[in-house]
Amino acid sequence: METVLVIVALIFIAFLVLGAYATVKAVGAAKRGVDRTVAQARRTVEDTTLRAKSFQPGAASELAQLRLKLRGSMRATQDALHARVAEDATLKESVDLFGRLSAHGHELDDELKRLESEPDKAQVARLLPDLTARTEQITNAADALRHAARDRATRFAADDLDSLSLQIDLEAGALRHWTTEPRAEEEPGAAQQPSRAEQPSPSGRQEQDRPAAITPPGVRPVYPWQKKPRPESTT
């Protein structure tokens, strides 16, 4: 009896542990979902604000345009690389390089953001050429990685399609390749055996009990697969 109680207790504890683990996993997944939603909402608000600032005159507009260009290029490259690295393991090195490039991108974006509240507009104007060059350098590098990954995927798809088309052409040709075997012809000089009807009977005449080869006129042949005709009604 004690053994049964111990087993029941262990099962109960196991269910409690599994329930707690499932609860923790569900809470963690929900938290990550909320964090992604909040980050996406914050990014949307920031992008909308930057677009509004980009239409203003002066240095604030140039800073906003640089940030929009930087964020757009880095975001597109990140999405492209992470979407394809699961299918193409050779892109892992590109992802690592992009991670190092992202560090420079975040640093530049933070610097551009700080300069938006800089009251000394002359100082901002003096720094703009260097900031523009750094932005171009980072976005060009990000664009190069993204374009190379896209070209690689397109090339692989084209090679696979060419190989598939070749295999289909070969299979179609094999399906159309049929031959008709010629009928076996009699060898020349082979003696033709006389038919049974032409062979003389021992008495020197045709057998009289053989059925006629041709049905007499007015008599329809009956085959074994035909149904018996119904008798005609006398009414």
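Structure: see above.
This report concerns the structure included in the present document. (Residues numbered from 1 in each chain as written. Predicted model: local features only at pLDDT ≥ 70, side-chain atom pairs only at ≥ 80, totals over all residues. Heavy atoms only, no water.)

1. With respect to the nonpolar core
Point 1. Among the nonpolar cores identified, the biggest contains 20 residues, and Leu63, Met74, Phe98 and Leu131 are the most heavily contacted of them.
Point 2. Where this core is concerned, the elements lending two or more residues are α2 (59-84), α3 (92-116) and α4 (121-176).
Point 3. Among the elements that make up this core, the one with the highest residue count is α4 (seven residues).
Point 4. Aside from chain neighbours lying at most four places away, what touches Leu63 is Leu112, Leu115, Glu116, Val124, Leu128 and Leu131. (Core = buried A, V, L, I, M, F, W, Y, C linked by side-chain atoms within 4.5 Å. Buried < 20%, exposed > 50% of the residue type's maximum accessible area, 1.4 Å probe, protein only. Helix = DSSP H or I, 4+ residues; strand = E, 2+ residues; numbered from the N terminus. Contact = heavy atoms within 4.5 Å.)

2. Observations regarding α3
Point 1. The end-to-end C-alpha distance of α3 is 36 Å, a good match for the 36 Å that 25 residues give at a rise of 1.5 Å each.
Point 2. All of the buried residues along α3 are Ser94, Val95, Phe98, Leu101, Ser102, Gly105, Leu108, Asp109, Leu112 and Leu115.
Point 3. Buried-residue contacts for α3 involve α2 and α4. (Expected span 1.5 Å × (residues − 1).)

3. Regarding the environment of Leu128
Point 1. Within the secondary structure layout, Leu128 lies in helix α4.
Point 2. For Leu128, a relative accessible area of 6% translates into the label buried.
Point 3. Separated by 62 residues in sequence, Leu128 and Leu66 have C-alpha atoms that sit 9.6 Å apart.
Point 4. Setting aside residues no more than four positions away along its own chain, Leu128 makes contact with Ala59, Glu62, Leu63 and Leu66.

4. Some details on the environment of Leu115
Point 1. Positionally, Leu115 belongs in helix α3.
Point 2. When the C-alpha atoms of Leu115 and Leu63 are compared, they prove to be 7.8 Å apart, with 52 residues separating the residues in sequence.
Point 3. Setting aside chain neighbours within four positions, we find Leu115 in contact with Leu63, Val124, Leu127 and Leu131.

5. Things to note about the pattern of salt bridges
Point 1. Per the counting criterion, the structure on display carries 10 salt bridges.
Point 2. In this structure, Asp109 and Arg71 form a salt bridge, with 3.7 Å as the shortest nitrogen-oxygen distance. Taken together, the positions of Asp109 in helix α3 and Arg71 in helix α2 put the pair 38 residues apart, joining distant regions of the chain.
Point 3. Salt-bridge contacts for Asp159 lead to Arg155; the nearest nitrogen and oxygen are separated by 3.3 Å. Taken together, the residues Asp159 and Arg155, both in helix α4 and four residues apart, mark about one turn of the helix. (Salt bridge = Lys/Arg side-chain N within 4 Å of Asp/Glu carboxyl O.)

6. Some thoughts on the side chain of Ser54
Point 1. Looking at the element boundaries, Ser54 is found in helix α1 (residues 2-54).
Point 2. Contact partners of Ser54, with chain neighbours within four places excluded, come to Ser61, Ala64, Gln65 and Leu68.

7. Quick notes on the side chain of Ser94
Point 1. Relative to the elements of secondary structure, Ser94 occurs in helix α3.
Point 2. If we ignore the near neighbours within four places in the chain, the residues touching Ser94 are Leu81 and Leu145.

8. So, α4
Point 1. The first and last C-alpha atoms of α4 sit 79 Å apart over 56 residues, in line with the 82 Å expected at 1.5 Å per residue.
Point 2. At Leu128, α4 shows its largest bend, some 40°, and a proline, Pro129, comes one to four positions later.
Point 3. Buried residues of α4: Val124, Leu128, Leu131, Thr135, Ile138, Thr139, Ala142, Leu145, Arg146 and Ala149, and no others.
Point 4. Buried residues along α4 sit in contact with α2 and α3. (Bend = angle between axes of the 7 residues up to and from the residue.)

So, to be careful, I would describe these as geometric facts and stop short of saying anything about function.
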